[in-house]
Amino acid sequence: MEKEFTFKTEKKCRIDEFLRAELPDAVKSAAENTDLAFSNSKIRRLILAGAVFVNGREITRPAFELRGRSTVAVRFDAEKFFYEKQPDDISFEVSAADILYEDENLIFLNKPLRFPVEQTITGNRNNLHDSLVDFLWRRTPSLRNPPYAGIMHRLDRETSGVILFTKNRAVNAAVSEIFQKHDLTKQYLAVVEEPRGGCAAKGQASQFTVEMFMGRVTGKSQQGRWGELGEARGGQYSKTEFRVLKKITVEGRPCRLIECTLYTGRTHQIRVHLASRGLPILGDELYGGAPAKRMYLHAARLSFTLNGKKYDVSSPFDRLPRTSCSQ
């Protein structure tokens, strides 16, 4: 369960140094556990994850300086924080071959599956953002400081395909507005198992739309699972249009390849929407999909206009078998 730990101080020091000195005793006392170990990397991850606030302001820089008469608040789930998950992340480094498109403002990458987009609180994991920064720095070794790469949106660890980063802060506000207003085209490809009796048996046409209010339906201490949640209970509106492209065979299973066009951007939206129609994504066991070598969901296309320039970037779903038959 998430708890908040609050400290009042007049010290002048870095926020990471302050937390290393003050947080362990407070957490151990609250947890009645003297075996909890705080490392420097854990403190740093806590700050980077946005769990630390100074005078009500979120602080994400470990080097942030406290200047006296401050209220420091830390909000996190201690049980999850001390559980070091060992995921099956792949070993990956960004290279020039992974760049789908790049200009002076934006860079589009082809994200691999089983690789997180950014650092997580549960471990010191390799991630796409850090790997991109390393690549840009290797490409321009004369830079004195790490080059900038801004995260504008995210893909699930298990999802592959097009992902966008900004290369300078000047365009962040405009790009953020595009995503917030959903003034763009986001298309995914998903593989679902052929229902018994075909799609018609499930009341599915070759094109269909799913709309619902969505929210988290599991507790904070459990693996995150989203589903239909009424607006009165805090659910957020979501809409996806689906088009069945063709029949294919994947891992020996008769399946359908479906194009998914997002009109909103909720957590796990496509996964929840397809599962709600009895069409869970192959490999998506969280939402009822059959076990597979991967979760077959791929960000295939991202298109929008920024400062009068049209961007339309695609990534092929190269993990699919070549043999298929049209619907």
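Right above here is the structure, for reference.
Just so we're clear, the structure is a prediction, and the values are computed from it rather than from any experiment.

Participant: Just to check I follow, could you spell out the overall build of the protein chain for this structure?
Facilitator: For the protein chain, the count of helices and strands is 6 helices and 16 strands. A separation of at least 24 residues holds for 64% of the contacts in the protein chain among residues at least 6 apart in sequence.

Participant: Can you walk me through the nonpolar core in this structure?
Facilitator: Core analysis: the largest hydrophobic core is formed by 49 residues, its most contacted members being L109, L132, V191, I270 and L274. Discounting residues that sit within four places of it in the chain, L274 has contacts with A190, V192, F208, F242, I258, L279, P280 and I281. Counting residues in hydrophobic clusters, the runner-up holds 20 residues, among them C13, F64, L66 and F76.

Participant: I tried to follow the side chain of H153 on my own but got confused; where do I start?
Facilitator: In this structure, H153 sits in the loop between β7 (150-151) and β8 (160-166). For H153, the contacting residues outside a window of four places in its chain are V117, V162, I163, L164, F179 and L302.

Participant: Can you walk me through helix α6 (residues 269-276) in this structure?
Facilitator: In an α-helix, one turn spans 3.6 residues; hence positions three or four apart end up facing the same way. The buried count for α6 comes to 6 of 8 residues, which makes it a mostly enclosed element. Residues Q269, I270, R271, V272, H273 and L274 constitute the buried set of α6. Contacts from the buried residues of α6 go to β9 (185-193), β10 (207-216), β11 (226-228), β12 (236-250), β13 (253-262) and β14 (297-306). A positive phi of about 75° marks G278, the residue just after α6.

Participant: Explain unusual backbone geometry here, please?
Facilitator: With glycine set apart, most residues show a phi of negative sign, and most peptide bonds adopt trans. Phi at N55 takes a positive value of approximately 55°, unusual for a residue other than glycine. Mapped onto the elements, N55 comes out in the loop between β2 (52-54) and β3 (57-59). Even without glycine at this site, R114 takes up a positive phi of about 55°. Within the secondary structure layout, R114 lies in the loop between β6 (106-111) and α4 (128-139).

Participant: Which parts of the structure should I look at to understand the packing of aromatic side chains?
Facilitator: How two aromatic rings sit relative to each other is given by the distance of their centres and the angle of their planes. Tallying each qualifying case throughout the model produces 9 aromatic pairs. Taken together, a centroid distance of 6.0 Å and an interplanar angle of 75° make the contact between Y101 and Y311 edge-to-face. Remark: Y311 occurs in strand β15 (residues 309-314) and Y101 occurs in strand β5 (residues 99-102); sequence separation between them is 210 residues. By relative accessible area, which is 31% here, Y101 ends up partly exposed. Look at Y311 and you get buried, because its relative accessible area is 4%. Positioned above the aromatic ring of Y263, the side-chain terminus of K239 is 4.7 Å from the ring centre.

Participant: In this structure, what is going on with the pattern of salt bridges? I would like to understand it.
Facilitator: Opposite charge on two side chains makes pairing possible when the charged atoms of those side chains draw close. In the structure shown here, the tally under the stated rule is 17 salt bridges. Here D284 ties to R271 by a salt bridge, and the two come within 2.7 Å at their closest N and O atoms. With a gap of 13 residues between them, D284 in the loop between α6 and β14 and R271 in helix α6 connect regions that are remote in the sequence. With respect to burial, D284 and R271 carry one shared label: buried. Of the charged contacts, one joins D312 and R301 as a salt bridge, the two residues approaching to 2.8 Å between their closest N and O atoms. One end of the pair, D312, is in strand β15; the other, R301, is in strand β14, with 11 residues separating them in the sequence. Classification of D312 as partly exposed rests on a relative accessible area of 42%. On the basis of relative accessibility, which here comes to 27%, the residue R301 falls in the partly exposed class.

Participant: What is the right way to look at the environment of G235 in this model?
Facilitator: Following the sequence through the fold, G235 ends up in the loop between β11 and β12. By relative accessible area, G235 is classed as buried at 10%. Sequence spacing of G235 and M212 is 23 residues, and the spatial spacing of their C-alpha atoms is 8.5 Å. Dropping the residues within four chain positions of it, G235 is found in contact with F213, M214, L229 and G230.

Participant: What is the right way to look at the pairing of β6 in this model?
Facilitator: Consecutive side chains along a regular strand alternate between the two faces of the sheet. Counting buried positions along β6 gives 5 out of 6 residues, so the element sits mostly inside the fold. Adjacent in sequence and paired antiparallel, β5 and β6 are bridged by 3 residues.

Participant: Sorry, what's going on with α4 here?
Facilitator: Taking 1.5 Å of rise per residue, 12 residues should cover 16 Å, and α4 covers 16 Å from first to last C-alpha, within 8% of that figure. What α4 keeps buried is the set L128, H129, S131, L132, V133, F135 and L136. Summarising the contacts, the buried residues of α4 are in contact with β5, β6, β7 and β8. Between the side-chain oxygen of the N-cap and the backbone nitrogen of H129 there are 3.3 Å, and the N-cap of α4 in question is N127.

Rules and cut-offs
Residues numbered from 1 in each chain as written. Predicted model: local features only at pLDDT ≥ 70, side-chain atom pairs only at ≥ 80, totals over all residues. Heavy atoms only, no water. Helix = DSSP H or I, 4+ residues; strand = E, 2+ residues; numbered from the N terminus. Contact = heavy atoms within 4.5 Å. Core = buried A, V, L, I, M, F, W, Y, C linked by side-chain atoms within 4.5 Å. Buried < 20%, exposed > 50% of the residue type's maximum accessible area, 1.4 Å probe, protein only. Phe/Tyr/Trp six-rings, centres within 6.5 Å; stacked < 30°, edge-to-face > 60°. Lys NZ or Arg CZ within 6 Å of the ring centre and 35° of its normal. Salt bridge = Lys/Arg side-chain N within 4 Å of Asp/Glu carboxyl O. Pairing = 2+ DSSP bridges. Expected span 1.5 Å × (residues − 1). Polar contact = N/O pair within 3.5 Å; in protein donor to acceptor, adjacent residues only side chain to side chain.

Fair warning: the whole summary comes from geometry, so function is off the table for now.
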